[in-house]
Amino acid sequence: MISRRSWLAELIFVSFSLLLLIGIGLWNGYPATTLLPPVLLYLAWHLYQLYRFSRWLERPKRNRMPWAIGIWRSICATGSELRERSRKHKRRLRSMLDGFQESTDALPDATIVIDDHDRIEWWNSAAAELLQLSGRSAKQMSIDQVIQDPIFRRSFREQDYTKPLQIPAPLDQSITLEVRIVPYGKGKRLFQARDITRLQQLETVRRDFVANVSHEIRTPLTVVHGYMEMLSEAEDEALQPWHQAFVQMHKQSLRMQRLVEDLLLLARLESSRGLDAQGPVEMEPLLHAVREEAEGLSGDNGHQIETELDTEVNIRGSVNELYSAFSNLVNNAVRYSPAGSCIRMRWGLRQGQPCFSVSDSGIGIDQEHIPRLTERFYRVDIGRSRQSGGTGLGLAIVKHVLTRHNGHLQIDSEVGKGSTFSCYFGETENRGQRAEDRGLSA
Ligand code: ADP
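Thresholds, definitions, all that
- Residues numbered from 1 in each chain as written.
- Predicted model: local features only at pLDDT ≥ 70, side-chain atom pairs only at ≥ 80, totals over all residues.
- Heavy atoms only, no water.
- Pairing = 2+ DSSP bridges.
- Helix = DSSP H or I, 4+ residues; strand = E, 2+ residues; numbered from the N terminus.
- Axes fitted to C-alpha atoms, helices over the stretch in contact; angles between N-to-C directions.
- Expected span 1.5 Å × (residues − 1).
- Buried < 20%, exposed > 50% of the residue type's maximum accessible area, 1.4 Å probe, protein only.
- Core = buried A, V, L, I, M, F, W, Y, C linked by side-chain atoms within 4.5 Å.
- Contact = heavy atoms within 4.5 Å.

1. Concerning the sheet that holds strand β1 (residues 110–114)
Then, in step 1: Ordered in space as β2-β1-β5-β4-β3, the five strands form an open sheet in which the pairing is antiparallel. This sheet does not close on itself; its edge strands, each paired only once, are β2 (120–123) and β3 (165–168). Along the sheet, successive strands turn relative to each other by an average axial angle of 30°, direction set aside.
Then, in step 2: Pairing analysis gives three bridges linking β1 to β2, with the strands arranged antiparallel.

What follows is the structure, given as structure tokens:
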């Protein structure tokens, strides 16, 4: 910084020189003539210094730092110090930027920075390789010119960045990418794409394995179950000592059959891309059938099953899939609530959305379990679930069906008071295909 001492020295020098010149001028009788040339000379010198300084500021590399005396020496020294500081700062920033670029280049995921006009601003080498981005022209391109997948384009246009999408790679359809957009700053977005082909292949192998095993087991199981049923009902004296064992085996084979059926249903829901049928769903007969099944399950327990139905509200979708989902929920209500208690099914608009809900006054569920209930085989009380004939797959099926119908499940419950399971459907028009295309799963 320019010191006060330099300014003081300059002031003293100027004042002293002026006084001396005025004195000489008064002495020789020509004060103006004596004063003017040195003042003009002083001004010219300052102007010249200013010119050299400004030239140096503009192009410090080409012009040498002006040699100076007096206040200008101090000004030049400060200028040079500031320049050196800014150079160091720049160097530090550059090394930080290089470090950032190197680390993002090392990322295996394709990363692209999109500006507020949807244009590509920057990309790492994984993106260059995966999406063939190169040169200046890529910088002018919009991201949806590079990725022309209709699902991606639609969600990009609608600024729907909530869920990652699974789409084929633009240059090689055999590669599956999981893409995600994260908004940041003022209108900027970070695009990330990950090659999940291998993961998807493994997932397909797993799904096929479960489906094949279940399928293979189904026939022998039906035979075993048939015999067990026959033996458990046989009234032959010779078989009486085995009666209990046959009844138990019959019960277990029935449980296995249910498990196999549920596994097959889940596998089918996971692997088929579209819905079975997408016509308008007749809710009245559907709920009637669900109710009849639940009443059958309740049997002597005599649960009172009530139905509230708003026939004005309709959706499109697969009747079979919706039947599976709704009956799972109502059957659960029967299995987890005391005999004779009331179970209420409702169909109508809730918060502006078509909604099917089942309320019971049963055992309820602790809050800590609710987020995990739709996981396969997740049960609050395994013993109780098995005893009541549960497979642990019911709510996983419900979630899959809802996802395919662009819906979601909401669970409200209080231990000892009861539970309400609500299925919200996104739109009255079916968008199950879209949800499936996006690869959403429970
Ligand atoms: P399960 O065949 O074991 O019933 P589900 O997937 O249908 O499997 O349900 C998962 C778990 O959620 C159940 O084991 C049970 O603990 C709990 N649950 C489901 N519905 C109810 C309900 N209406 N009341 C209380 N608990 C329930």
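2. Focus: helix α11 (residues 319–335)
Then, in step 1: A rise of 1.5 Å per residue sets the reference length of α11, with its 17 residues, at 24 Å; its end C-alpha atoms lie 24 Å apart and thus fit the reference within 8%.
Then, in step 2: Among the 17 residues in α11, 14 count as buried, and that is most of the element.

3. A closer look at unusual backbone geometry
Then, in step 1: Even without a glycine there, the phi angle at Asp118 is positive, about 65°.
Then, in step 2: Classification of Asp118 as partly exposed rests on a relative accessible area of 28%.
Then, in step 3: The phi torsion at Gln132 lies on the positive side, around 55°, for a residue other than glycine.
Then, in step 4: Inspection of the secondary structure puts Gln132 in the loop between α4 (125–131) and α5 (135–140).
Then, in step 5: Given the relative accessible area of 55%, Gln132 is considered exposed.

4. Thoughts on the pairing of strand β5 (residues 188–195)
Then, in step 1: Pairing analysis gives five bridges linking β1 to β5, with the strands arranged antiparallel. In the strand pairing of β5, Ile114 is matched with Arg189.
Then, in step 2: Here eight bridges tie strand β4 (residues 176–184) to β5, and the two strands are oriented antiparallel to one another. Note that in β5 the partner of Val182 across the bridge is Leu190.
Then, in step 3: Two successive antiparallel strands, β4 and β5, enclose a turn made up of three residues, where Gly185 displays a positive phi of approximately 55°.

5. A word on the environment of Ile22
Then, in step 1: As for its position among the elements, Ile22 is in helix α1 (residues 4–28).
Then, in step 2: You can call Ile22 partly exposed: its relative accessible area is 38%.

6. A word on the nonpolar core
Then, in step 1: Counting 41 residues, the largest nonpolar core has Leu322, Phe326, Leu329, Trp347, Phe356, Cys423 and Phe425 as its most contacted members.
Then, in step 2: Of all elements in the fold, only α9 (243–271), α10 (283–298), α11, β7 (342–350), β8 (353–360), α13 (394–404), β9 (407–414) and β10 (418–425) reach the threshold of two or more residues within this core.
Then, in step 3: Excluding its chain neighbours within four sequence positions, the residues that come into contact with Cys423 are Phe326, Leu329, Pro354, Cys355, Phe356, Leu402, His408 and Leu409.
Then, in step 4: Counting residues in hydrophobic clusters, the runner-up holds 25 residues, among them Ile114, Ala127, Val146 and Val179.

7. Some points on the sheet that holds β9
Then, in step 1: On the basis of which strands lie adjacent, the open sheet formed by five strands has the order β6-β7-β8-β10-β9 and mixed pairing. Each edge of the sheet is formed by a strand with only one pairing partner; in this case those strands are β6 (304–309) and β9. The mean inter-strand angle of the sheet, taken between neighbouring strand axes irrespective of direction, is 15°.
Then, in step 2: Taken together, the six bridges between β8 and β10 define a ladder with antiparallel strand orientation. If you follow Asp360 over to β10, its bridge partner there is Ser419.

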